[in-house]
Amino acid sequence: KGSSLKLLCEKTGINIKHVMAIGDSENDIDFLKVAGIKVSVANADEALKQQSDYVCRKSYGDGVQEAINKFVIDRIDDVTKEVSQIAEEYEIYMAIGKGIELESEKNKLNFAKEEISEGIGIRVIKNNRVGFAFTSDFSKIKETTEQALG
């Protein structure tokens, strides 16, 4: 599983440190070792839990949902706080898995379609300038937003 994850990330250009692996048994250890975010569900083998950065309070699918909420969905609030300090207006798009297509119009400024696949897309407006940024690295939201505004 670990070597397959590495290969998949290489082929898709996704930085493996931004990948979350979630497991429940010892055969997931190699998988977790290569991922950037290592998670085990509550019912996981003890050996796997010791390899994890985070052990869910919940088991099975509920544990997976807990991890996705904690490491993906809840981060949208953090992103919103950072972006709102920089831009007068903004739109934030979360892309997981298959790419999403964005098309919007704001303040009579047309925004061309963009395709994004994994991470956060941010469309910002400041001083009548429009910028679009995309990153899969949550630690670089502020920097990426500032660069989008040029």
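Report on the accompanying structure. Keep in mind the model is a prediction, meaning the values are calculated, not measured.

1. Some remarks on the side chain of Asp-28
Now for step 1: Of note, Asp-28 is situated in the loop between β1 (20-23) and α2 (29-34).
Now for step 2: Judged by its relative accessible area of 4%, Asp-28 falls in the buried class.
Now for step 3: Among the polar contacts listed, one links the side chain of Asp-28 to the side chain of Lys-1, at a separation of 2.5 Å.
Now for step 4: Beyond its immediate sequence surroundings of up to four residues, Asp-28 is in contact with Lys-1, Gly-23 and Leu-48.

2. Here's the deal with the side chain of Ser-52
Now for step 1: Mapped onto the fold, Ser-52 is located in the loop between α3 (46-51) and β3 (54-55).
Now for step 2: Reaching out from Ser-52, the side chain makes a polar contact with the side chain of Ser-40 at a distance of 3.1 Å.
Now for step 3: The residues touching Ser-52, leaving out its near neighbours within four places in the chain, are Leu-32, Lys-38, Val-39 and Ser-40.

3. What about the packing of helix α5 (residues 75-84) against helix α6 (residues 141-148)?
How two helices sit against one another is set out by the angle between their axes and by the gap between those axes.
Now for step 1: Look at α5 against α6: their axes get within 9 Å of each other, and the N-to-C directions meet at 45°. Put simply, α5 runs oblique to α6. When the axes of α5 and α6 are compared, the crossing they make is right-handed. Across the interface between the two elements, Val-79, Glu-82 and Val-83 of α5 pack against Ile-141, Lys-142 and Thr-145 of α6.
Now for step 2: Each residue belonging to the contact of α5 with α6 can be placed in one class, and the counts come to 3 nonpolar, 1 polar and 2 charged.

4. Side note on helix α1 (residues 2-12)
Now for step 1: For α1, every residue scored as buried is listed here: Gly-2, Leu-5 and Cys-9. Viewed along the axis of α1, the buried residues span an arc of 60°, placing them on a single side of the element. Every exposed residue of α1 that faces more than 90 degrees away from the buried side is listed here: Ser-3, Leu-8, Glu-10 and Lys-11.
Now for step 2: For α1, the elements touching its buried residues are α2.

5. Side note on the packing of helix α4 (residues 60-73) against α5
Now for step 1: Packing of α4 against α5 brings their axes to within 5 Å, and their N-to-C directions diverge by 10°. Taken together, the axes of α4 and α5 are roughly parallel relative to one another. Contacts from Lys-70, Phe-71, Val-72 and Ile-73 of α4 reach α5 at Arg-75, Ile-76 and Asp-77.
Now for step 2: Classifying every residue of the contact of α4 with α5 by side-chain character gives 4 nonpolar, no polar and 3 charged.

6. Re a nonpolar patch on the surface
Now for step 1: Among the surface-exposed residues, Val-64, Ile-68 and Ile-73 lie close enough to one another that they form a single nonpolar patch of about 210 Å² accessible area.
Now for step 2: Here Ile-73 lies in helix α4.
Now for step 3: Residue classification places Ile-73 among the partly exposed residues on the basis of a relative accessible area of 41%.

Calculation rules
Residues numbered from 1 in each chain as written. Predicted model: local features only at pLDDT ≥ 70, side-chain atom pairs only at ≥ 80, totals over all residues. Heavy atoms only, no water. Helix = DSSP H or I, 4+ residues; strand = E, 2+ residues; numbered from the N terminus. Buried < 20%, exposed > 50% of the residue type's maximum accessible area, 1.4 Å probe, protein only. Polar contact = N/O pair within 3.5 Å; in protein donor to acceptor, adjacent residues only side chain to side chain. Contact = heavy atoms within 4.5 Å. Axes fitted to C-alpha atoms, helices over the stretch in contact; angles between N-to-C directions. Parallel < 35°, antiparallel > 145°, perpendicular 65-115°, else oblique. Left-handed = near helix turned anticlockwise from the far one by under 90°. Nonpolar A, V, L, I, M, F, W, Y, C, P; charged D, E, K, R; others polar. Arc of directions from axis to C-beta. Patch = residues over 30% accessible without salt bridge, like charges linked within 9 Å, V, L, I, M, F, W, Y side chains within 5 Å. Areas by Shrake-Rupley, 256 points an atom, 1.4 Å probe, with all protein chains shown as cover. Salt bridge = Lys/Arg side-chain N within 4 Å of Asp/Glu carboxyl O.

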